[in-house]
Amino acid sequence: FYGNYTADHYVYNAKTRSMITHDRKGEITFDQQYDVITDCPLGVDESGVGFAGISKKFCAGEFAELSWVDYLRLHESILRLMAMTGLYDYSAFESMDDTMRHLDGVCPAMIKCIRAGGTKDEAKGCDALERKSRVFYDKLLTQKARKNIDQRRKKHRTAAGASFPEIGGGAITNVVATSIFGSAR
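Residues numbered from 1 in each chain as written. Predicted model: local features only at pLDDT ≥ 70, side-chain atom pairs only at ≥ 80, totals over all residues. Heavy atoms only, no water.

Read from one edge to the other, the open sheet built from five strands follows the order β3-β4-β1-β2-β5, with strand pairing classed as antiparallel. Two strands close off the open sheet at either side, each with one partner strand: β3 (43–44) and β5 (65–67). (Pairing = 2+ DSSP bridges. Helix = DSSP H or I, 4+ residues; strand = E, 2+ residues; numbered from the N terminus.)

What follows is the structure, given as structure tokens:
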């Protein structure tokens, strides 16, 4: 750790109003690392630093900086995915090692889908995320998690009242591309 954070951890930069990687600031220490999942966009540590519940491990190094709006939409989308799927912890995955190997590209695919939400390019902008979601569903989730998702999906309806699509067939787009903040454009 460097101070309270790993070098890849996202912290809030008030000057740029964005989330930046903490980098190697402060004295290095070695301690147990743990994951923080919160429904708040930011936690605040004892020194007043705002920190995210995600790091560049999730975004696989693609984003050294995320705008505050992109970060809020990403956080919101993750919470909506958790609510829609009922997956709130790592027990839903067969192997965390396999899951971590498949995270590459998920963060930029989510952000691309979020930005395309509500536009004529929504389906195209969310295509990569739908494909990745299908891999997660087919290869990484436990049978119990897949069954739970299927039961929840059958209960949901789209905004137009239609049956909720399958994972990989539009379900994730319906959750991720819709924002309480409105269209990303």
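The next point concerns the pairing of strand β2 (residues 18–21). On β2, burial covers both faces: S18 and I20 on one face and M19 and T21 on the other are all buried. Note: strand β1 (residues 9–13) against β2, four bridges, orientation antiparallel. Residue pairing across strands places Y10 opposite T21, the latter belonging to β2. Between the antiparallel neighbours β1 and β2 lie four residues, among them R17 with a positive phi of about 50 degrees. Taken together, the three bridges between β2 and β5 define a ladder with antiparallel strand orientation. Bridging from a neighbouring strand, S18 pairs with S67 of β5. (Buried < 20%, exposed > 50% of the residue type's maximum accessible area, 1.4 Å probe, protein only.)

Attention shifts here to the nonpolar core. Counting 36 residues, the largest nonpolar core has F58, L74, M110, L129, L141 and V176 as its most contacted members. Of all the secondary structure elements, the ones that give two or more residues to this core are β4 (50–55), α1 (56–59), α2 (68–85), α4 (106–116), α5 (122–140), α6 (143–155) and α7 (171–176). The element that contributes the greatest number of residues to this core is α4, accounting for seven residues. Among all residues touching F58, those that are not within four sequence positions of it are L74, I78, L103, V106, C107 and M110. (Core = buried A, V, L, I, M, F, W, Y, C linked by side-chain atoms within 4.5 Å. Contact = heavy atoms within 4.5 Å.)

On to α4, then. Within α4, eight of the eleven residues are buried, leaving the element largely enclosed by the surrounding structure. Those residues of α4 not exposed but buried are V106, C107, A109, M110, I111, C113, I114 and A116. Just beyond α4, the residue with positive phi is G118, at close to 80 degrees.

The next point concerns the environment of K154. On the secondary structure map, K154 appears in helix α6. Under the relative-accessibility criterion, K154 is labelled exposed at 64%. Considered as a pair, K154 and E166 are twelve residues apart in the sequence and their alpha carbons are 9.1 Å apart.

With that out of the way, let us pick up the state of the cysteines. Applying the stated criterion across every chain, the model contains one disulfide. There is a disulfide in this structure between C113 and C126, and the S-S distance comes to 2.0 Å. Here C113 and C126 share a disulfide; its torsion about the S-S bond, 90 degrees, makes the bridge right-handed. Taken together, the residues C113 in helix α4 and C126 in helix α5 connect sequence positions 13 residues apart. Here the two residues C113 and C126 agree in accessibility, since each one is buried. (Disulfide = S-S within 2.5 Å.)

Position of S77 relative to the elements: it lies in helix α2. Looking at S77, its side chain comes within polar contact range of the main-chain oxygen of V176, at 3.3 Å. Residues within four places of S77 in sequence aside, it is in contact with M110, I114 and V176. (Polar contact = N/O pair within 3.5 Å; in protein donor to acceptor, adjacent residues only side chain to side chain.)

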